[in-house]
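# Breakdown of the fold
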Amino acid sequence: MIGFEYYNPAKIVFGEDSEKKIKELIAEYNVKSLLLVYSGEFIKDLGIYDTVKNAATELGADFSENGHVVPNPDVELVRQLVKEGKEKKVDFVLAVGGGSSIDTAKAVALGIPYDKDVWDFFEKGVNPERVLPVGVIATTASSGSETSNCAIISNGEWKLGYEDNRIIPKFAIMNPRFTKDIPWYQTAVGIADVLSHLLERYFSDEKYSDTTDYLIEGAIRALLLNADRLIKDPKDVNARGEIQWLASVAHNNFLDAGRSADWGSHRIEHELSAQYNITHGEGMAVVFVAWVKYIADIKPWRAALLASRVFGADSYDYSEKERALILADKLEAFFKKLGIATSLAELKIDDRDFETMAKRATINGAVGHYVKLDEIAFVDVLKLA
């Protein structure tokens, strides 16, 4: 078990009517000018918009908004909001929605106090002198960005992340009722996203981190169980609550304790979603099935362990490689049960851009930690996909 530091100051407000605490949460930061970032009129149907606007009014804070966030959020919108935020002297950014809205809000919070282009943070890793506080009202169960220290932004064919503990939201409001009526496809790809974050953290070279191993395995079991419940009844609020909490647990960095996670699969998917604008969770379903098949020949022990402990593949009956391939089959079956793609062919993606994406992803060297993927290996995984 390797040494670690764990830090996450996000305040979680979970449960029915939790959004009604927004006024007291904002008041803690003496907000003078609030920017609301979201992605569609649904927040008005849910009553969130009026709740937030009324809270700002009662606190005497200026209120501005933008509801034009799209999946795989683009830096151009961030630049626009940074410009407007500077003019309006915004001092607090509130995101309502899922990962795209939250990541946009985080990027805006980086950009408003910064004198140069906000893309510098993502391209050059600039260290900010100051970051505006961010708050979140989560309406999906997927990215876990509501309690993470990371933001992912696209710029043309580049999709890059930035990490800094100062962009961890100050609070995250989670009312599972808000997730009840989202389309099944969004629910399914959200579940796939949550699972991908758990899997990335499971694939570690560290053999002596039993506590974290068992926590991740338990979280995967809980996710599979509650996904099955939602397949039977998509309106099951208790199951939605479990998955919404799991989304945060999977990506608040607590499950990094004592180990180094892989993240190679995410780097592959970021290339796919940048190149083809596919949905991240579905892209992760496609990539992870292929990646597990790839590592079965190279370094199968972690996949074999997970297949044994979660899916009951007996080490007496199956070799490590066989158990790794069983894991790939179990993941594929699960994603198919959710009704999402498990191959690039289903997404109508062929091999014409494989080398371009591989060159771009590995421009600074191989990606991944458990298994290093150079340009050739990157293409090999895409071919398996």
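These notes cover the structure that comes with them. This structure is a prediction, so every number in the text was calculated from the model and none was measured.

### Overview of the nonpolar core
Judged by nonpolar contacts, the single largest core of 72 residues is most densely connected at Leu-198, Phe-203, Ile-220, Trp-291, Phe-335 and Leu-373. Top contributing element to this core by residue count: helix 11 (residues 280-296), with 12 residues. Ignoring anything within four residues of it in the chain, the contact list for Phe-203 reads Ser-260, Ala-261, Asp-262, Phe-288, Trp-291, Ile-295, Arg-302, Ala-303, Leu-327 and Tyr-370.

### A short note on the pattern of salt bridges
Here the structure, examined in full by the defined rule, presents 26 salt bridges. With a closest N to O distance of 3.1 Å, Lys-44 and Glu-41 form a salt bridge. By relative accessible area, which is 37% here, Lys-44 ends up partly exposed. Using a relative accessible area of 49% as the deciding quantity, one classes Glu-41 as partly exposed. The shortest N-O distance in the salt bridge between Glu-271 and Arg-267 comes to 3.1 Å. Taken together, the residues Glu-271 and Arg-267, both in helix 10 (residues 264-276) and 4 residues apart, mark about one turn of the helix. For Glu-271, a relative accessible area of 1% gives the class buried. Judged by relative accessible area, which is 16%, Arg-267 ranks as buried. Among the charged side chains, a salt-bridge network with shared partners connects Glu-157, Arg-267, Glu-271 and Arg-360.

### Examining the sheet that holds strand 8 (residues 171-174)
Taken together, the 6 strands give an open sheet; going across it, the order is 1-8-5-4-2-3, and neighbouring strands pair in parallel fashion. The open sheet has two edge strands, strand 1 (11-14) and strand 3 (62-66), and neither has a second partner. Neighbouring strand axes in the sheet, compared pairwise and without regard to direction, differ in orientation by 15 degrees on average. Both strand 1 and strand 8 contribute to a ladder of 4 bridges, which runs parallel. Across the sheet, the residue bridging to Phe-14 is Met-174, located in strand 8. Together, strand 2 (33-37), strand 3, strand 4 (92-97) and strand 5 (134-138) form the strand contacts of helix 3 (residues 48-58), whose direction differs from that of strand 3 by roughly 150 degrees.

### Description of helix 14 (residues 354-361)
Those residues of helix 14 that fall on the buried side of the exposure criterion are Phe-354, Met-357, Ala-358, Arg-360 and Ala-361. When helix 14 is viewed along its axis, its buried side chains cluster within an angular range of 165 degrees and face the same direction. On the buried face of helix 14, the contacting elements are strand 7 (158-163), helix 10 and helix 15 (375-384).

### Brief notes about helix 7 (residues 184-202)
Spacing of three or four residues puts side chains on the same side of an α-helix, whose turn is 3.6 residues. When the terminal C-alpha atoms of helix 7 are compared, their 27 Å separation across 19 residues agrees well with the 27 Å that a helix rising 1.5 Å per residue should span. Of all 19 residues that make up helix 7, 16 are buried, and the element is covered over most of its length.

### Describing the packing of helix 8 (residues 210-232) against helix 9 (residues 237-249)
Running from N to C, helix 8 and helix 9 point in directions that differ by 145 degrees, and their axes come no closer than 9 Å. By crossing handedness, the relation of helix 8 to helix 9 is classed as left-handed. Facing Ala-219, Ala-222, Leu-223, Asn-226, Ala-227, Arg-229 and Leu-230 of helix 8, the residues of helix 9 in contact are Ala-239, Arg-240, Glu-242, Ile-243 and Leu-246. A class-by-class count of the residues in the contact of helix 8 with helix 9 yields 8 nonpolar, 1 polar and 3 charged.

### With respect to the packing of helix 12 (residues 301-311) against helix 13 (residues 320-338)
Here helix 12 crosses helix 13 at 65 degrees, and the two axes come no closer than 7 Å. Regarding helix 12 and helix 13, the two cross each other, and that crossing is left-handed. For the pair helix 12 and helix 13, contact is made by Trp-301, Ala-303, Ala-304, Leu-305, Leu-306, Ala-307, Ser-308 and Phe-311 and by Glu-320, Arg-323, Ala-324, Leu-327 and Lys-330, respectively. Considered class by class, the residues forming the contact of helix 12 with helix 13 number 9 nonpolar, 1 polar and 3 charged.

What counts, and where the lines are drawn
- Residues numbered from 1 in each chain as written.
- Predicted model: local features only at pLDDT ≥ 70, side-chain atom pairs only at ≥ 80, totals over all residues.
- Heavy atoms only, no water.
- Core = buried A, V, L, I, M, F, W, Y, C linked by side-chain atoms within 4.5 Å.
- Buried < 20%, exposed > 50% of the residue type's maximum accessible area, 1.4 Å probe, protein only.
- Helix = DSSP H or I, 4+ residues; strand = E, 2+ residues; numbered from the N terminus.
- Contact = heavy atoms within 4.5 Å.
- Salt bridge = Lys/Arg side-chain N within 4 Å of Asp/Glu carboxyl O.
- Pairing = 2+ DSSP bridges.
- Axes fitted to C-alpha atoms, helices over the stretch in contact; angles between N-to-C directions.
- Arc of directions from axis to C-beta.
- Expected span 1.5 Å × (residues − 1).
- Left-handed = near helix turned anticlockwise from the far one by under 90°.
- Nonpolar A, V, L, I, M, F, W, Y, C, P; charged D, E, K, R; others polar.

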